[in-house]
Structures are given as C-alpha cells and as structure tokens.
Amino acid sequence: MTDNTPPVLGGLLTQALTDPKLKGLVTHVGEDSLHITGIDQARSWTAGAIARETPVLLVTATGHEAEDLTAELKAMLGDDKVAQFPAYETLPHERLSPAADIVGRRAKVLWDMPRVIVAAARAVCQPVLPAIEPIRVAVDQEADFEDLTQQLVHFAYNHVDMVAGRGEFATRGGIIDVFPTTAQNPVRIEFWGDEVTDIRSFAVADQRTIEELTSVELFPARQLIIDASVAKRADELARTNPSNTTLVQLLTRISEHTHADGEEVLIPVLSDAKYSVLPELTVSYTHLTLPTTPYV
C-alpha cells in the first residue's frame, strides 16, 4: 500500500534549503571529498539537503544514532525514501544466527535501495550477499497454495501450528498465516482454489483483523538460502572433513536442507554468490560519515 501523505517536515526542509550555507553546500555535491563542520543539530538537515540532490549512504558511529537520524530523515523526505540498514547482533564465529527480523530488514534495504540508507559503522563492515527478490502475493492474483508454502520453507520460514514471531508461518484449510520478517504484525492469506481472495494483517494475541491489504512482500528469514547446489556442496564437504565432528554435524543438516544456528560462517564456502560490504553496493550514492558525538 502506497502512502501519499507528504512528509511532516518536508516543507520545513524546503525552507531550510534557502539558507545560504545549505545552498552553498549542495553545489559541492559530486566532489571526491568534502569536510563539513557544523553543530550536531544540523546533521539531519545537512543530510536531507544532500539527499535532495543525490542518493546518500549515511554512516553513523552507533546504532542509536542511526535510529535517531533515520526517524528525522523520514520526517523530512518520506518513509519510503529512507531506511536504516541494521547491524547483525551476532559475532562472525558464534554458534548463533542473526534474528529473522534483522535478516529481513537488511534484505529489504538491499532490494529496495531507497534514496537514503542510514547504517552504523558496524553494519557497514558486515558483508552481505546480493539482493534477493521477495515473494510477492496480491489479492486477485493466481497462486498455488502448496507452491507458496514451499517458497516460504525455501526462505527459511518455520512451519508452526500458530504464528507468534517473525519468520514463521502456519497453514489450515485454504489459509496461510505468515509473519513477514519486515512487518509489525502477521498477515492472513486466504485462497479460493488457485486465487488469493483476501490478505489482512491481524493481532497475534486475539487474532483480530488490523488492516485489509492488497498485497504483501515476504523477505528471507536467513542469510543462507539452501538450494540444491548448496546442499550438494555441504554434503561433499562433510565427506571430506570426517575428523571435525561439529563441522560434519552442521554440514549434514545443511545437506538435508535443514537450517542450523551458526550456518552463516560457512556461506563463503557453500555459496558462489559474491560477499560485499554496503559501500561496494552503493557506489552511485554520496557517502556521508558522521563522527562520534562526544558526551558532555
């Protein structure tokens, strides 16, 4: 659903751009390097001014700063033009996998490539795989019920009796309940034969409808998408490394198309897709790096 409501501070940003200093600043957009000095309160207005001229990757020192600047820039430019690229909350070699909502939000930013991407330094340093096209479901669209459930499994959604968290789905009759990794609430998709007749978000607690929807996008719940080639390579590696019990157990699960915590560490050897960091994927963007705000 497209929101045509103008941004709350859009008019104020336009007025701010009449300031001689901001007008002079935007004339330098496109230069190889530029050092900008100003008070902290001017950061969002400066970024907003530059974003009016060119797409921007805004790098902050911390996640909290990224969240605050994202909210401020959305108020100036619009929700659909600004997104925060979150950092994984896990360390590279932990036997843990990132949360489904973090994976989904990162995947959505990479696919949408909004005009302004705000990311903390940690998020910028963490490598990513290429963007994956989401599963799209729309009302009055023909779709195969079983095929959709298989696509959800392929995107690492867990099949449960009743959805309660992001990255889960449940089925009954001609209904699929799914909690998208990028949504605040789960959605209920109703089928009549091979046609989607109804999509609506609902509350987990009481199952009551919140909003009628015309479509929904579903992004992956895991970084590693296990296809036939990944499973085959995992099986080969398990056979050639029999002395490492922990590694063999992990590879065996992947070879059986089953996800396991900590599988992300094996992505470089299981996938042919290129690992990149965010600046490499935003070469057409103007990169703004903000220093740490000192505490007083």
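Because the structure is predicted, anything quoted here is derived from the model rather than measured.

## Here's the deal with the packing of helix H3 (residues 43–51) against helix H4 (residues 63–77)
- Between H3 and H4, whose axes approach to 10 Å, the crossing angle comes to 55 degrees. When the axis of H3 is compared with that of H4, the two are oblique. Where H3 crosses over H4, the two elements pack in a sense that is right-handed. Facing H3, whose interface residues are Arg 43, Ser 44, Trp 45, Ala 47, Gly 48 and Ala 51, H4 presents Glu 65, Leu 69, Glu 72, Leu 73, Met 76 and Leu 77.
- Broken down by class, the residue content of the contact of H3 with H4 amounts to seven nonpolar, two polar and three charged.

## Observations regarding the layout of surface pockets
- In this structure, the second largest pocket occupies an estimated 900 Å³ of space.
- What lines the second largest pocket is a set of 31 residues, and nearest its centre among them are His 35, Ile 36, Thr 37, Thr 46 and Leu 288.
- Secondary-structure elements contributing two or more residues to the lining of the second largest pocket are helix H2 (20–26), H3 and strand S12 (286–289).
- With five residues, the single largest contributor to the lining of the second largest pocket is H3.
- By residue class, the composition of the lining of the second largest pocket is 14 nonpolar, 11 polar and six charged.

## A word on the packing of helix H8 (residues 228–240) against helix H9 (residues 245–255)
- With their axes 8 Å apart at the nearest point, H8 and H9 run at an angle of 150 degrees to one another. The pairing of H8 with H9 is recorded here as roughly antiparallel in orientation. When you trace H8 past H9, the crossing you get is left-handed. Together, Val 230, Ala 231, Ala 234, Asp 235, Leu 237 and Ala 238 of H8 and Val 248, Leu 251, Thr 252, Ile 254 and Ser 255 of H9 make up the contact between the two elements.
- Looking at the contact of H8 with H9, its residues break down into eight nonpolar, two polar and one charged.

## A look at the side chain of Thr 70
- If you trace the backbone, Thr 70 turns up in helix H4.
- With relative accessibility at 6%, the residue Thr 70 sits in the buried group.
- Discounting chain neighbours no more than four positions away, the residues touching Thr 70 are Val 82, Ala 83, Gln 84 and Val 118.

## Considerations on the environment of Ser 255
- Examined against the element boundaries, Ser 255 turns out to sit in helix H9.
- Between the alpha carbons of Ser 255 and Ser 229 there is a distance of 9.4 Å; along the sequence they are 26 residues apart.
- With sequence-adjacent residues up to four places away left out, Ser 255 is seen in contact with Ala 231, Ala 234 and Asp 235.
- Side-chain polar atoms of Ser 255 contact the backbone oxygen of Thr 252, separated by 2.6 Å.

## As for the sheet that holds strand S5 (residues 158–159)
- Across the sheet, six strands lie side by side as S5-S6-S7-S8-S9-S10; this open sheet has mixed pairing. The open sheet has two edge strands, S5 and strand S10 (209–213), and neither has a second partner.
- Pairing geometry for strand S8 (residues 187–192) and strand S9 (residues 195–202), over six bridges, is antiparallel. Within the sheet, the bridge partner assigned to Ile 189 lies in S9 and is Ile 199.
- Taken strand by strand, helix H7 (residues 145–154) contacts strand S6 (168–172), strand S7 (175–179) and S8, and its axis lies near 20 degrees from that of S7.

About the cut-offs
- Residues numbered from 1 in each chain as written.
- Predicted model: local features only at pLDDT ≥ 70, side-chain atom pairs only at ≥ 80, totals over all residues.
- Heavy atoms only, no water.
- Axes fitted to C-alpha atoms, helices over the stretch in contact; angles between N-to-C directions.
- Helix = DSSP H or I, 4+ residues; strand = E, 2+ residues; numbered from the N terminus.
- Parallel < 35°, antiparallel > 145°, perpendicular 65-115°, else oblique.
- Left-handed = near helix turned anticlockwise from the far one by under 90°.
- Contact = heavy atoms within 4.5 Å.
- Nonpolar A, V, L, I, M, F, W, Y, C, P; charged D, E, K, R; others polar.
- 1 Å grid on protein atoms, 1.4 Å probe; cavity = no way out; pocket = protein on both sides within 12 Å on 5 of 7 lines; lining within 4 Å.
- Points joined across faces, edges and corners; volume = space filled by probe spheres on them.
- Buried < 20%, exposed > 50% of the residue type's maximum accessible area, 1.4 Å probe, protein only.
- Polar contact = N/O pair within 3.5 Å; in protein donor to acceptor, adjacent residues only side chain to side chain.
- Pairing = 2+ DSSP bridges.

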